[in-house]
Amino acid sequence: MLEKAGIKRAKGLIATTSDDSLNLFITLTAKGLNSEVEVIARAEVSETEDKLKRAGADHVVNPSDLGGRRMALSLIKPVSMHYIDSIIHAENHSFQMEDFHVGDQLSTSKISDLKLREKFDLTLLGIKKGDGKFHNNPDENETLQSTDVLILFGNKEHIDVFTSQSK
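Residues numbered from 1 in each chain as written. Predicted model: local features only at pLDDT ≥ 70, side-chain atom pairs only at ≥ 80, totals over all residues. Heavy atoms only, no water.

Caption draft 1: Highlighting the nonpolar core. Counting residues in hydrophobic clusters, the biggest one holds 15 residues, and the most contacted among them are Leu-116, Leu-122, Leu-124, Leu-144, Leu-150, Leu-152 and Phe-162. Of all elements in the fold, only helix 6 (111–114), helix 7 (116–120), strand 5 (123–128), strand 7 (149–155) and helix 8 (156–165) reach the threshold of two or more residues within this core. Contact partners of Phe-162, with chain neighbours within four places excluded, come to Phe-100, Leu-106, Leu-116, Phe-120, Leu-122 and Leu-152. Ile-7, Val-37, Ala-43 and Ala-57 belong to the second largest nonpolar core, which has 11 residues in total. (Core = buried A, V, L, I, M, F, W, Y, C linked by side-chain atoms within 4.5 Å. Buried < 20%, exposed > 50% of the residue type's maximum accessible area, 1.4 Å probe, protein only. Helix = DSSP H or I, 4+ residues; strand = E, 2+ residues; numbered from the N terminus. Contact = heavy atoms within 4.5 Å.)

In structure tokens, the structure reads:
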């Protein structure tokens, strides 16, 4: 089935069955046919998460765990969670979060040089560095590298203007 679906040329695969064994099998098979495919797999029990990672899953999502955490945070921090929900579920369609890959065009620039707030009315939530680590609320004097990914928040139109001018 994976070959018929074009797994050899696929960039990504999401294994979402409610059967952890089947998601494990799908992950192993997909990675065996295309080692470059990014696999996101669902896990019903936490014990399966490590097995899916060892089988090649790039990301593992446990809906029960995530749901429990979200429910607890909704009780403890209701206003903050409502705000996050409004972004995630696009209650306000004009605002969004966006991943922006720095690339060569902006490497060696300082964050302050981008003038995200002044020129584009955008908020830089964080940066994923080339080593995979996140820097939340980064210092404006931090120098960007080509492998960095900026996590932006703002009006969709403003994000589009920034990304088009930064290419």
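Caption draft 2: Region of the structure containing helix 3 (residues 63–76). Look at helix 3: 20 Å from first C-alpha to last across 14 residues, which is about the 20 Å you get at 1.5 Å a residue. Two or three places before Ser-64, at the start of helix 3, stands the capping residue Asn-62, its side-chain oxygen 3.2 Å from that residue's backbone nitrogen. (Expected span 1.5 Å × (residues − 1). Polar contact = N/O pair within 3.5 Å; in protein donor to acceptor, adjacent residues only side chain to side chain.)

Caption draft 3: Representation of helix 1 (residues 20–33) in the model. Here helix 1 is 14 residues long and its end C-alpha atoms lie 20 Å apart, about the 20 Å a rise of 1.5 Å per residue gives. Inspection of helix 1 places Asp-20, Asn-23, Ile-26, Thr-27, Ala-30 and Lys-31 among the buried residues, and these make up the whole buried set. Across the axial projection of helix 1, the buried residues extend over an arc of 120°, all falling on one side. Exposed residues on helix 1 whose side chains face more than 90 degrees from its buried face are Ser-21, Phe-25 and Gly-32. Check the buried side of helix 1 and you find it contacts strand 1 (12–15), strand 2 (38–42) and helix 2 (46–54). (Arc of directions from axis to C-beta.)

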